[in-house]
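Tertiary structure, described
Letter by letter, the chains look like this.
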Amino acid sequence: ASMSKVLTIMRLCLKLLFRAHSIKGLFFLLIAASTLTFFAVKHNGQLIDEVKVRTLYSFSIAYALLCISIIALTCFTLRRHIDSKNLHQLCSLPVSRLQIWLGQALSFFVIALTMLVSLYLSIGLSIKIYKNDFSQEDQQALASYYKNPDKIISPIMLSDYDLILKSVQERGGKLQAGMPPEVWDAIHLSVVNEA
């Protein structure tokens, strides 16, 4: 029963938000920003690199705009709800303040999630349109690149002593205690140069 009240408040908040027409403007602004950024950025002319850089810039700028607009939308909407006495009416109903808060938070979450999905779709559509200007081989290379992405593996960094010990053991040797400093320095220099 309490969850149904939260969902009812969420639906009411969404209706009020869509009546104000600011949501439609934000959707249009987000899609326009991501698409314009995608087609405005240039790189080295190679399809894979172009798609990487254009997607990075487009998503970064549009996502920053999305975050700022959701924060602004939340602030202005809550202010509007207070000024129009909508919150006062909600508080007079047999609904707890937590349910009111959850219902409103869920409505903003639904809007943010929908905007994020539309951002992904606009970038995906931009990639689809952009890659048509390239040859079939480049498009196939792009498809195979995204099916099997590169994996970056960082090397395990050993200390100089561990590196020397490993190198000597691989060659079947053994470090002895009390070695003269010049022998140690020669081994150290050789191993570090090789590494």
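In the block above lies the structure referred to throughout.
Note that this is a predicted model, so its numbers are computed, not measured.

Quick look at the environment of V191 now. Within the fold, V191 resides in helix α8 (residues 181-194). V191 has contacts with L163, I164 and S167, leaving out every residue within four places of it along the chain.

Grouped together as the largest cluster of nonpolar side chains are 24 residues, with contacts concentrated most on L17, L73, I111 and M115. Broken down by element, the residue count for this core peaks at seven residues, all from helix α5 (residues 97-131). Contacts of L17, omitting those with residues within four sequence positions, involve S22, I23, L73, T77, S107, F108 and I111. Residues I9, L90, V95 and I100 belong to the second largest nonpolar core, which totals five residues.

Should their charged atoms come close, side chains of opposite charge can pair. Under the criterion given, the structure shown has two salt bridges. Its salt-bridge partner being R54, residue E50 comes within 2.7 Å of it at the nearest N-O pair. Note that E50 and R54 are positioned in helix α3 (residues 47-83) at a spacing of four residues, about one turn of the helix. Owing to a relative accessible area of 3%, E50 belongs among the buried residues under this scheme. R79 is paired through a salt bridge with D83; the nearest N and O atoms lie 2.8 Å apart. On the criterion of helical spacing, the pair formed by R79 and D83 is a turn pair, its members being four residues apart in helix α3. Given a relative accessible area of 46%, R79 falls into the partly exposed group. By relative accessible area, D83 is classed as exposed at 52%.

Analysis parameters
- Residues numbered from 1 in each chain as written.
- Predicted model: local features only at pLDDT ≥ 70, side-chain atom pairs only at ≥ 80, totals over all residues.
- Heavy atoms only, no water.
- Helix = DSSP H or I, 4+ residues; strand = E, 2+ residues; numbered from the N terminus.
- Contact = heavy atoms within 4.5 Å.
- Core = buried A, V, L, I, M, F, W, Y, C linked by side-chain atoms within 4.5 Å.
- Buried < 20%, exposed > 50% of the residue type's maximum accessible area, 1.4 Å probe, protein only.
- Salt bridge = Lys/Arg side-chain N within 4 Å of Asp/Glu carboxyl O.

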